[in-house]
Amino acid sequence: ASPASAPAASARVHRVVRPARSPTRPPARVAPRRRPAASSSSRSDPDGAVAEEGPVVVAVVTTASCPHCRRAKAAIAAAGIAFEEIDASAPDGVVLDAARKLSGMRTVPQVFVGGVCYGGADEVDAGIADGDFPAAVASAGARASEEGGGGA
């Protein structure tokens, strides 16, 4: 991808999605959420306020202590691709179990593009280097726009 076609640097801001922890509520079914899709998401002003500017098609399932998760998130952010982080650190393991069922992967990070598992940190690094990852994000965004919404 050429630098001229790269999204604005402010597209690097992302939201962290943490599961609700209520002992009286059964765990919610966890799957990549369908959202309006494109390659930009939320943007932040200097005060840290986040404003929704566009849809997100990339979701990254992570744990707090994972160095590979940090590497994948940094690579995606450096590529200017907005994403949602889904924290799977909960002790009950509900999020991580659901992500494993969706992806077939036993490790984190698990990077989903348009609801489909792209891979982990190594696959993201390689995909960014060869242009496949940004192309997959653009394709998922286009598909979701044609369908009237959908995404990560």
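Residues numbered from 1 in each chain as written. Predicted model: local features only at pLDDT ≥ 70, side-chain atom pairs only at ≥ 80, totals over all residues. Heavy atoms only, no water.

K.L.:
Please give an account of the nonpolar core that cites residues and values.
P.N.:
Counting residues in each nonpolar core, the largest one holds 15 residues, and the members touching the most others are V58, I76, V111, V113, V124, F133 and V137. Broken down by secondary-structure element, the contributors of at least two residues to this core are β4 (58–62), α1 (67–78), β6 (110–113) and α4 (132–146). If we skip the residues at most four places from it in the chain, I76 touches V58, V60, I81, F83, V111, V124, I128 and F133. (Core = buried A, V, L, I, M, F, W, Y, C linked by side-chain atoms within 4.5 Å. Buried < 20%, exposed > 50% of the residue type's maximum accessible area, 1.4 Å probe, protein only. Helix = DSSP H or I, 4+ residues; strand = E, 2+ residues; numbered from the N terminus. Contact = heavy atoms within 4.5 Å.)

K.L.:
Describe the packing of α1 against helix α3 (residues 121–130), and please don't skip the residues or the numbers.
P.N.:
Running from N to C, α1 and α3 point in directions that differ by 20 degrees, and their axes come no closer than 9 Å. One finds that α1 runs roughly parallel with respect to α3. In this structure, α1 meets α3 at a crossing whose hand is left-handed. Residues H68, R71, A72, A75 and I76 of α1 touch α3, and the partners they reach there are A121, D122, V124, D125 and I128. The class makeup of the residues in the contact of α1 with α3 is six nonpolar, one polar and three charged. (Axes fitted to C-alpha atoms, helices over the stretch in contact; angles between N-to-C directions. Parallel < 35°, antiparallel > 145°, perpendicular 65-115°, else oblique. Left-handed = near helix turned anticlockwise from the far one by under 90°. Nonpolar A, V, L, I, M, F, W, Y, C, P; charged D, E, K, R; others polar.)

K.L.:
Can you tell me about the pattern of salt bridges, naming the residues and giving the values?
P.N.:
Applying the stated criterion to the full structure yields four salt bridges. Between E85 and K73 there is a salt bridge, with the nearest N and O atoms lying 2.9 Å from each other. Pair noted here: E85 is in strand β5 (residues 84–87) and K73 is in helix α1, with a separation of 12 residues, a long-range link. Residue E85 shares its accessibility class with K73, and that shared class is buried. In the salt-bridge network here, residues are joined through shared partners; they are R71, D122 and D125. (Salt bridge = Lys/Arg side-chain N within 4 Å of Asp/Glu carboxyl O.)

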